[in-house]
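# Structural overview for review
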Amino acid sequence: AAALPSVAQAPELLKQLNALAQKDGVAITRSAYQMKQQDSQRRLEVDLPLKASYPTLRAYLRDVLTASPAARLDDLNLHRATAGDPTVDADVRFSFGFASS
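Residues numbered from 1 in each chain as written. Predicted model: local features only at pLDDT ≥ 70, side-chain atom pairs only at ≥ 80, totals over all residues. Heavy atoms only, no water.

As a further point, take the side chain of Ser 95. With respect to the element layout, Ser 95 can be found in strand β5 (residues 87-98). Judged by relative accessible area, Ser 95 falls into the buried class, the value being 2%. Polar side-chain contacts of Ser 95 include one of 2.7 Å to the side chain of Asp 74. When sequence neighbours within four positions are dropped, the list of residues in contact with Ser 95 reads Arg 43, Leu 44, Glu 45, Ala 70, Ala 71, Arg 72 and Asp 74. (Helix = DSSP H or I, 4+ residues; strand = E, 2+ residues; numbered from the N terminus. Buried < 20%, exposed > 50% of the residue type's maximum accessible area, 1.4 Å probe, protein only. Polar contact = N/O pair within 3.5 Å; in protein donor to acceptor, adjacent residues only side chain to side chain. Contact = heavy atoms within 4.5 Å.)

Written out as structure tokens, the structure reads:
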């Protein structure tokens, strides 16, 4: 297993999430993030409302989950305005683990 990144790498990780969204053609309307600590584990939770086609959204999720050795998809909610709408609105929560020191 790959070593966990240090907390100092969190800003770079957030930049990478945006860069991957641009690469994949996913619109991020805003983002919210919070560092949490439980026992000796540190975790960055990132909430993103996304807008994209379903195949594009899948590509983005895959890219984010392979970007960090400790990436997790914690929550995913999908909805469309109408059944035939090619654009999906998604509420996503990722979390990323970090080394304790």
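A few words now on the environment of Pro 55. Mapped onto the secondary structure, Pro 55 falls in helix α2 (residues 54-67). For the pair Pro 55 and Val 88, spaced 33 residues apart in sequence, the C-alpha separation works out to 9.8 Å.

What follows is about the pairing of β5. Of the pairings in the sheet, the one linking strand β3 (residues 41-53) to β5 comprises 12 bridges and is antiparallel in character. Bridged to Lys 51 within β5 is Asp 89. As paired elements, strand β4 (residues 71-79) and β5 share 8 bridges and run antiparallel to each other. Residue pairing in the sheet places Leu 73 in a bridge with Phe 94 of β5. (Pairing = 2+ DSSP bridges.)

Our next topic: the side chain of Asp 63. Tracing the chain through its elements places Asp 63 in helix α2. What makes Asp 63 buried here is its relative accessible area of 12%. A distance of 2.9 Å separates the side chain of Asp 63 from the side chain of Lys 23, its partner in a polar contact. Apart from residues lying up to four places away in sequence, Asp 63 is in contact with Leu 20, Lys 23 and Asp 24.

Here we come to the packing of aromatic side chains. Under the counting rule described, the total for this entry stands at 2 aromatic pairs. Between Tyr 60 and Phe 94 the ring centres are 6.5 Å apart and the planes differ by 75°, which places this aromatic pair in the edge-to-face class. Of this pair, Tyr 60 sits in helix α2 while Phe 94 sits in strand β5; the two residues are 34 residues apart in sequence, bridging distant segments of the chain. Phe 94 matches Tyr 60 in its accessibility class, with the two residues each being buried. Between the aromatic rings of Phe 94 and Phe 96, the centroid separation amounts to 6.1 Å while the plane-to-plane angle is 35°, which identifies the pairing as tilted. Each of the two residues, Phe 94 as well as Phe 96, counts as buried. Here the aromatic residues Tyr 60, Phe 94 and Phe 96 are joined through ring pairs into a cluster of three or more. (Phe/Tyr/Trp six-rings, centres within 6.5 Å; stacked < 30°, edge-to-face > 60°.)

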